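Structural characterization, general
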Amino acid sequence: MDYASERNLLVEQERLLATDPAYGHIEWPGVRRNLSRTATRALDVLDFMASHSRALRAIEIANGLNLSPSSLNQLLKSMADSGYIVFDPRLKVYYPSPRLSRLASWLDGIYYGQDVLQRELERLFRASGALVMISTRTGSFVQIVQSLAPAGWSHPVESGTKLLLVESTLGKALLVTATELEVLELCREIGLDAGRRTALLSELQQIRATGYLLGSFTEANAVATIAMPMPAPHCGLPLVVSLSNRSAAVQERKNLYRTLLHDFVRALEAERA
């Protein structure tokens, strides 16, 4: 599907959703979960278990993922029957299965080393007190693949959320590795006028010069974002790390946020070396 078709689909999907004035043009992951809801929930269970790093009772998982006990019990039974999780009847808790250890080892190998990314991400989250996100490019969009939101954050962003590439600070930071010819071709495909095309090229030049970009989460919203390209992992996937907060808070803490992001990037570079 080309950019124009994807954009039209995104606009139509957005029309069916409640508008969020904080973020503007955005596709929440729930739109795409209709045909694979069970599979997505199973992955959500594994991610939730990993985030706690301990065995969990069914009620803890149900409460954490906002699922009904009956629905979750069926899901856990299917996952246990397939060997993806293991149930301990003595303690009535669930563990990830050893079957998943190969996946964990492979992920450590392509993403900076054992637990490095998660450790540094949580350190960044604690030090900043901001909404922390890691994003990557998927076609003509930027997709948030991991997010950590402070307690009480009024506008959470779920993993899987997609934004138009050229209409977000995250997307522009990802375009920094594209050639000018590739950027101009993208601008032509989506019909950006000369003024916006020039502004985009200027922002990309700024990222290359300073190593980061400060702007809006999307083009019209109340959330500001500072984004920085991450060192390429061994798999070569382009990644961006970002901190978001109210515009006034980001302006006030800009130097702190920039320093924390630089420290995060340097830590990954050191491990990758």
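It should be emphasised that the depicted structure is a prediction, and the values quoted were computed from it without experimental measurement.

Burial within strand S3 (residues 131-138) is extensive, with 6 of its 8 residues counted as buried. In the sheet, S3 pairs with strand S8 (residues 239-246) via 6 bridges, with the strands oriented antiparallel. For Met133, the partnering residue across the bridge sits in S8 and is Ser242. Pairing of S3 with strand S4 (residues 141-148), which is carried by 7 bridges, proceeds in the antiparallel orientation. The residue of S4 that forms the bridge with Ser135 is Ile144.

Attention now goes to the packing of helix H8 (residues 180-190) against helix H9 (residues 194-210). Across the interface, H8 lies against H9 with an axial gap of 11 Å and an inter-helix angle of 145 degrees. Here H8 and H9 pass one another in a crossing that is right-handed. Contact residues: Glu180, Val183, Leu184 and Cys187 in H8; Arg197, Leu200, Leu201 and Leu204 in H9. Here the residues of the contact of H8 with H9 are counted per class, giving 6 nonpolar, no polar and 2 charged.

Our next topic: the environment of Ser97. Of note, Ser97 is situated in the loop between strand S2 (93-96) and helix H5 (101-110). The spatial distance from the C-alpha of Ser97 to the C-alpha of Ala80 is 8.5 Å, given a sequence separation of 17 residues. Among residues more than four places away in sequence, those in contact with Ser97 are Gly83, Tyr84, Ile85 and Val86. Separated by 2.9 Å, the side chain of Ser97 and the backbone nitrogen of Arg99 make a polar contact.

Phi is positive for Lys92, which is not a glycine, with a value near 55 degrees. Note that Lys92 resides in the loop between strand S1 (85-88) and S2. Backbone geometry at Tyr112 places phi at a positive 75 degrees, although glycine is not the residue there. Residue classification places Tyr112 among the buried positions, given a relative accessible area of 4%.

Turning to the side chain of Ser168, a few remarks are in order. Here Ser168 lies in the loop between strand S5 (162-164) and helix H7 (169-174). A residue is classified by how much of its surface remains accessible, and Ser168, at 1% relative accessible area, is buried. Of the polar contacts made by the side chain of Ser168, one reaches the backbone nitrogen of Gly171; its length is 3.0 Å. Among residues more than four places away in sequence, those in contact with Ser168 are Val142, Leu163, Ser216, Phe217 and Thr218.

With that settled, consider the packing of helix H2 (residues 37-52) against helix H4 (residues 69-81). It is the contact of H2 with H4, at a shortest axis distance of 11 Å, that shows an interaxial angle of 80 degrees. As far as their axial angle goes, H4 and H2 are roughly perpendicular. Counted together, Thr38, Arg41, Ala42, Val45 and Leu46 of H2 and Leu72, Leu75, Leu76 and Met79 of H4 form the full contact between these two elements. Class assignment for the residues of the contact of H2 with H4 results in 7 nonpolar, 1 polar and 1 charged.

Inspection of every chain in the model, using the stated rule, returns 1 aromatic pair. The interplanar angle of 40 degrees and the centroid separation of 4.8 Å between the aromatic rings of Phe87 and Tyr94 together place this pair among those described as tilted. In this structure Phe87 comes out as partly exposed when scored by relative accessible area, which is 37%. Residue classification places Tyr94 among the buried residues on the basis of a relative accessible area of 11%. The ring of Tyr84 has Arg99 sitting right over it, with the charged end atom 4.0 Å from the ring centre.

The biggest cluster of nonpolar side chains holds 27 residues, and the ones touching the most others in it are Met133, Leu170, Leu175, Leu200 and Phe217. Sequence-distant contacts of Leu200, that is, excluding residues within four places in its chain, are made with Val166, Lys172, Leu175, Val183, Cys187 and Leu192. Counting residues in hydrophobic clusters, the runner-up holds 24 residues, among them Leu117, Tyr212, Met230 and Val241.

Let's shift gears to the pairing of S1. In terms of strand pairing, S1 meets S2 through 4 bridges, oriented antiparallel. Bridge assignment links Asp88 to a residue of S2, and that residue is Val93. What sits between S1 and S2 in their antiparallel hairpin is a turn of 4 residues, with Lys92 showing a positive phi close to 55 degrees.

Among all positions of helix H3 (residues 58-65), only Ala58, Ile61 and Ala62 are buried. Buried residues of H3, viewed axially, fall in a sector of 100 degrees; they line one side. Of the surrounding elements, those touching the buried residues of H3 are H2, H4 and S2. After H3 finishes, the residue Asn66 shows a positive phi value of roughly 55 degrees.

About the criteria used
Residues numbered from 1 in each chain as written. Predicted model: local features only at pLDDT ≥ 70, side-chain atom pairs only at ≥ 80, totals over all residues. Heavy atoms only, no water. Buried < 20%, exposed > 50% of the residue type's maximum accessible area, 1.4 Å probe, protein only. Helix = DSSP H or I, 4+ residues; strand = E, 2+ residues; numbered from the N terminus. Pairing = 2+ DSSP bridges. Axes fitted to C-alpha atoms, helices over the stretch in contact; angles between N-to-C directions. Left-handed = near helix turned anticlockwise from the far one by under 90°. Contact = heavy atoms within 4.5 Å. Nonpolar A, V, L, I, M, F, W, Y, C, P; charged D, E, K, R; others polar. Polar contact = N/O pair within 3.5 Å; in protein donor to acceptor, adjacent residues only side chain to side chain. Parallel < 35°, antiparallel > 145°, perpendicular 65-115°, else oblique. Phe/Tyr/Trp six-rings, centres within 6.5 Å; stacked < 30°, edge-to-face > 60°. Lys NZ or Arg CZ within 6 Å of the ring centre and 35° of its normal. Core = buried A, V, L, I, M, F, W, Y, C linked by side-chain atoms within 4.5 Å. Arc of directions from axis to C-beta.

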